[in-house]
Amino acid sequence: MTKILMVCLGNICRSPLAEGILKSKLPAEDFQVDSAGTASYHIGSAPDKRSVAVAKKHGLNISNLKGRQFEVSDFDTFDIIYVMDESNYQNVLKLARNEEDENKVKFILNEVYPNKNFDVPDPYYGGDEGFQNVYNMLDEACTKIAQDLTSS
Ligand code: 4NP
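A brief report on the enclosed structure follows.

Reading the values: the criteria
- Residues numbered from 1 in each chain as written.
- Predicted model: local features only at pLDDT ≥ 70, side-chain atom pairs only at ≥ 80, totals over all residues.
- Heavy atoms only, no water.
- Phe/Tyr/Trp six-rings, centres within 6.5 Å; stacked < 30°, edge-to-face > 60°.
- Buried < 20%, exposed > 50% of the residue type's maximum accessible area, 1.4 Å probe, protein only.
- Disulfide = S-S within 2.5 Å.
- Near = heavy atom within 4 Å.
- Polar contact = N/O pair within 3.5 Å; in protein donor to acceptor, adjacent residues only side chain to side chain.
- Areas by Shrake-Rupley, 256 points an atom, 1.4 Å probe, with all protein chains shown as cover.
- Nonpolar A, V, L, I, M, F, W, Y, C, P; charged D, E, K, R; others polar.
- Core = buried A, V, L, I, M, F, W, Y, C linked by side-chain atoms within 4.5 Å.
- Helix = DSSP H or I, 4+ residues; strand = E, 2+ residues; numbered from the N terminus.
- Contact = heavy atoms within 4.5 Å.

For the rest of this paragraph, the subject is the packing of aromatic side chains. Enumeration according to the criterion identifies 4 aromatic pairs in this entry. Seen in terms of ring centroids, Tyr 113 and Phe 118 are 5.3 Å apart; in terms of plane orientation they differ by 70°. Their pairing is edge-to-face. Their ring planes at 75° and their centres at 4.8 Å tell us that Tyr 124 and Tyr 125 sit as a pair that is edge-to-face. Using a relative accessible area of 31% as the deciding quantity, one classes Tyr 124 as partly exposed.

Put into structure tokens, the structure is as follows:
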């Protein structure tokens with residue numbers, strides 16, 4: 001079983017969408033996909049309505065997900081930890097205990113733009129078009145991730 005964690009700040013906009021998209025592209029019997037936020041603001045909350053809506057538009061139901069905060073034990077549980085932006089990256093790396101932990105942390109858009117460390121922009125304070133833009137970026141990255149993980 002390969003375990004993949006998607007991480008953003010609040011775990012209500014970007015990472016639940018990334019979780020739903022990647023889950024839809026991988027066989028559940030071989031892959032576990034989860035998401036978490038580096039902040040504690042939205043523990044127990046459902047995803048933002050705008051993330052739920054853009055997911056639904058593309059045939060995915062993420063309405064039952066619940067926000068949780070990233071914790072150190074996630075380094076033990078997960079094989080790959082994808083972050084959405086530079087700030088998530090710094091916040092997760094601060095909790096790494098060793099090089100093995102650090103090596104699990106990757107920028108999700110590096111799957112499409114290797115070594116660029118591009119951000120998936122935080123759509124929280126913007127409009128609906130920001131959520132569609134985030135969906136498109138995550139869909140492209142997750143397509144690549146799923147291809148790579150299932151081709152070996
Ligand atoms: P996310 O977006 O990190 O993609 O879930 C955010 C959600 C909430 C907040 C910030 C970003 N907030 O400040 O409450």
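Another aspect to go through is the state of the cysteines. Summed over the entire model, instances satisfying the criterion amount to 0 disulfides. Cys 8 supplies the cysteine sulfur nearest to Cys 13, a cysteine that is in no disulfide, at a spacing of 6.9 Å. Given a relative accessible area of 6%, Cys 13 falls into the buried group.

What follows concerns the site of the ligand. Taken together, the neighbourhood of the ligand is formed by Cys 8, Leu 9, Gly 10, Asn 11, Ile 12, Cys 13, Arg 14, Tyr 41, His 42, Asp 122, Tyr 124 and Tyr 125. Within the side chain of Asp 122, one N or O atom sits 3.2 Å away from an oxygen atom of the ligand. The protein chains hide 92% of the 360 Å² of surface that the ligand would expose on its own. Considered class by class, the residues forming the shell around the ligand number 7 nonpolar, 3 polar and 2 charged.

Right, let's talk about the nonpolar core for a bit. Counting 31 residues, the largest nonpolar core has Ile 4, Met 6, Leu 17, Leu 22, Met 84, Ile 108 and Leu 138 as its most contacted members. Listing elements by their share of this core, those giving two or more residues are β1 (2–8), α1 (14–25), β2 (31–37), α2 (49–57), β3 (80–83) and α6 (128–150). Per-element accounting of this core gives the leading share, 8 residues, to α6. Sequence-distant contacts of Met 84, that is, excluding residues within four places in its chain, are made with Met 6, Val 7, Cys 8, Arg 14, Ser 15, Ala 18, Ile 108, Phe 118, Asp 119, Val 120 and Leu 138. By size, the runner-up hydrophobic cluster in this structure holds 12 residues, among which are Phe 75, Ile 81, Val 92 and Val 105.

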